[in-house]
Each structure stands twice: as structure tokens, then as C-alpha cells.
Amino acid sequence: MDFSHSPRAQRYIAEVGAFLRDEVEPREREFLAAVAQNPWAVPPMIEELKAKAKASGLWNLFLPEDVGGGNGAGLTNVEYAPLAELMGRLNWASEIFNCNAPDTGNMEVLLRYGSPEQQERWLAPLLAGEIRSAFGMTEPKVASSDATNMQSTAVVDGDEIVLNGRKWWSTGIGHPDCRVIIFMGLTDPGADPYRRHSMVLVPVDAPGVKVERMLTVFGYDEAPYGHAEVSYTDVRVPIANVIAGPGRGFEIAQGRLGPGRIHHCMRTIGLAERALEIGCARALGRAAFGKPLADLGGNRERIAEARLGIEQARLLVLRAAWLIDTKGAKAARTEVSAIKAVVPKMALSVIDTAMQLHGAAGLSGDFPLAEAYAWTRALRFIDGPDEVHLGVVARQELKRHEGSAAHGSH
């Protein structure tokens, strides 16, 4: 087995790492101060850094080879994974490279399934980083872990499609440059359960679209991106806004989620790496009871367990990425569910260790740990709760043993 990165990946790892170290990380305080002063505006430094990244060829790095079309780096999921990890160290860094969620998933949807007209109107400005987007799937009145529960409707009416319903946790809609939402709704209740829904492109300013409220995660509003509850009341858009045609919503969703979960998990590993670095610096730089914190209360073992957890999770994610690259998202379904269950729990443990090493300071806004913990806890719901993913893994594991069960046990 060869665990080395490809020469192309090594080049991008070096370039993205240097850009983050030299251009982005030194401006973290500036970014945080700007957002604190005006939460729902994009700090001017973001556009400045985006222009530098684009000029450096560090742009749309997430686009896989088969849909790149000259718009991105043409990296495989395995090659992109370490770049997502680097960007994940700061929760606002991905936008600088035009690699932030949910835009990455939405751009892949439009590349794979969008019509030429949809690509011209929405994909081109997204690829250029001129606009942002949101994704409307989760609903407040049903258990959205089972997407077939969806109640929002997208009903064809002549040459239009009419949307009604309420979505929440629509990430990215707070961004002032958000211009379009991909809305998923029920089109044909009588069809096969996985052919009932459609995905529709909805301009944010379409009549009947209303942002009811912005939501918080453990009190954090994630400005200037944010998550919102959005109502849709008799929203009419042209039938041409339906992506790939009515009834193909679930097909598109499954194609969207595989690579997106790789991205989420690798960004989370980057966040865990940073938390461990901050924790180790505290453990070595502070003393209590006459000893460095690193030598007190089993902290060395906790630090070692954090390192082991990160390394194990990274290998698991890279294996899932390799399966998607070589056999397709469907073949990697169990492995993708595995990383969604494993990585957030690992990162929570690592961040918790770093917080504990900081004492009460770890709970404050003086360090990025509390917000990192809140966001990582949310990942145990994003793209499906733990229980759903563990169920997928268990089903596959039990299926492997069905034959032996018939012979009894000894």
C-alpha cells in the first residue's frame, strides 16, 4: 500500500499551506473584529484574499476531475482531502478558495445535473465567487433524518412550479451575497418514494420567500454565513428552474452527499488538529502545583489519545475518498456513513481535551475552542444524525454474517 500523496497533491498542499500561513492566519483577529462590528457584512479582507487566492491558482480546488471542465484544479477526492483539512483549521478560510459549503455541493449539483441555462445563470457566478448559495432540505415539523417525511411541496403548474413549505438550518443564507437556494420539495406523492421529490433553483428575492429568523448553534450565529428558518408561500418559478427534471431530487441528493461528507470530515480533522496544537501549547506553557500541565492528571495520556484519534480518523476518511474515486459514491456508502459517525465524535473529544487544558479560559471567546466545540457538535446532525449512519454500518455488517447465522453458534 502506498500512503504518499500524489505529486499534484503535494504541490497544492504546499501552496495552500503557505497561503494560509502567510496570508490568512495572520488576519484572524482582523476578521473576528470586523464580524463582531458588523456581523452580516463580508469583511473587505475576504474579497482581497479571494482575489489573491484566485490569482495564485488556488481556486475551486474541490472540483473533481470528471466535472472540472477547466473550472478547477481537477483533483480527486483523495487529493483534495488534505486541502480541505488545511482549510478547516479556520471556519472562514474555505470561502477564500471558493471551497465553502454549501456552495461546493451546490456547484457540483449544477455541474452534474444543471441545464446549460441554469449553469449560465447560477453556476458561472458561483464558480467565479461572485455570489453565494444556500440549500433548503431540513424541515422543522418533521423528523428530517428520514427525508421521505418531507412536507414542503414543489408542484408543477403548467410552465411554472409552485413551492410551499418551511425549511430550517438553511446554511449560508445569511451571507449578503447569497442569491439562490436549492429547494427540495414533494412533487408527486403517488410515485415511488425516491421519485417523489424535486430540486428547484429559487432566487432569494423571489416573491413568497421569507427569511423568518436566523438560528444559533449553542448561541453562535456563524455570521456572516448563518443558518435560517425560511418560509415559502406560493413561490412561483419557471419549470426550467427544476434541476434535471421533476422527481429526481433524491437521485441528486445522493450524488451530492458523498463528496460533501468527505469535505466536512476533513475540515473537521483540520479543526481537531488546530485544537490539539492549541492544547499542547497550553500544556507546555502553563504550570500548576510545581509542574507543567502536561505532567499533571493524566494529560500526557489524553494528548496521546487525541493524536491517535486524529490519525485513525484521517485514514478512515482517506479510504472513503479513495473508494468514491475508484468505485463511485454508491460503493462507498458504508464507509461514508462510518466517517460521519467517527470524525465528529473524535473531534469533540480532542477539542474537549484542549478546553480542559485551558481551564475556564477554554469556555470563553478568548480562544477558538468553545465555538469549535459547538460547530463540531452540530456535525453529528448535519448530513444525517449518528443513528442513521450507524444503522447503515450495522446493516452492512449484519448482512455479511447472514449465512453463518443459519448454522447456529457454538
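Nothing here was measured: the structure is a model prediction, and the numbers come from that model. (Residues numbered from 1 in each chain as written. Predicted model: local features only at pLDDT ≥ 70, side-chain atom pairs only at ≥ 80, totals over all residues. Heavy atoms only, no water.)

1. Some details on the domain arrangement of the protein
How big an interface is tends to be stated in terms of accessible area lost as the parts join.
At step 1: You can read the domains of the protein as domain 1 (7-114), domain 2 (132-243) and domain 3 (253-403).
At step 2: When each unit is reduced to the centre of its C-alpha atoms, the spacing between domain 1 and domain 2 is 25 Å.
At step 3: Every contact between the two is made by 20 residues of domain 1 and, on the other side, 19 residues of domain 2.
At step 4: A combined buried area of about 1500 Å² lies between domain 1 and domain 2, and 59% of that area is made up of carbon and sulfur atoms. (Domains from an automatic or database assignment. Contact = heavy atoms within 4.5 Å. Buried area = accessible area lost by both parts, 1.4 Å probe.)

2. Let's talk about the nonpolar core
A general tendency of soluble globular proteins is for nonpolar side chains to be buried together.
At step 1: If you look at the biggest cluster of nonpolar residues, it comprises 87 residues, and the most contacted ones within it are L61, Y80, W92, I96, F97 and M346.
At step 2: In terms of residues, this core owes the most to one element, helix α7 (residues 249-285), which gives 13 residues.
At step 3: Core analysis: the next-biggest nonpolar cluster, separate from the first, contains 18 residues, L163, I181, F183 and V235 among them. (Core = buried A, V, L, I, M, F, W, Y, C linked by side-chain atoms within 4.5 Å. Buried < 20%, exposed > 50% of the residue type's maximum accessible area, 1.4 Å probe, protein only. Helix = DSSP H or I, 4+ residues; strand = E, 2+ residues; numbered from the N terminus.)

3. A closer look at the packing of helix α8 (residues 299-327) against helix α9 (residues 333-357)
At step 1: The contact between α8 and α9 brings their axes to 9 Å, and the two run at 155 degrees. The pairing of α8 with α9 is recorded here as roughly antiparallel in orientation. Classified by chirality, the crossing of α9 by α8 is left-handed.
At step 2: Looking at the contact of α8 with α9 residue by residue, the classes come out as 17 nonpolar, 3 polar and 3 charged. (Axes fitted to C-alpha atoms, helices over the stretch in contact; angles between N-to-C directions. Parallel < 35°, antiparallel > 145°, perpendicular 65-115°, else oblique. Left-handed = near helix turned anticlockwise from the far one by under 90°. Nonpolar A, V, L, I, M, F, W, Y, C, P; charged D, E, K, R; others polar.)

4. Structural notes on the packing of α9 against helix α11 (residues 386-400)
At step 1: Orientation of α9 relative to α11, taken along the N-to-C sense of each, is 135 degrees, at an axis distance of 8 Å. When the axes of α9 and α11 are compared, the pair comes out oblique. Judged by the twist between their axes, the crossing of α9 over α11 is left-handed. Across from R333, T334, S337, A338, K340, A341 and K345 in α9, the residues of α11 making contact are D386, H389, L390, V392, V393, R395 and Q396.
At step 2: Of the residues in the contact of α9 with α11, the class split is 5 nonpolar, 4 polar and 5 charged.

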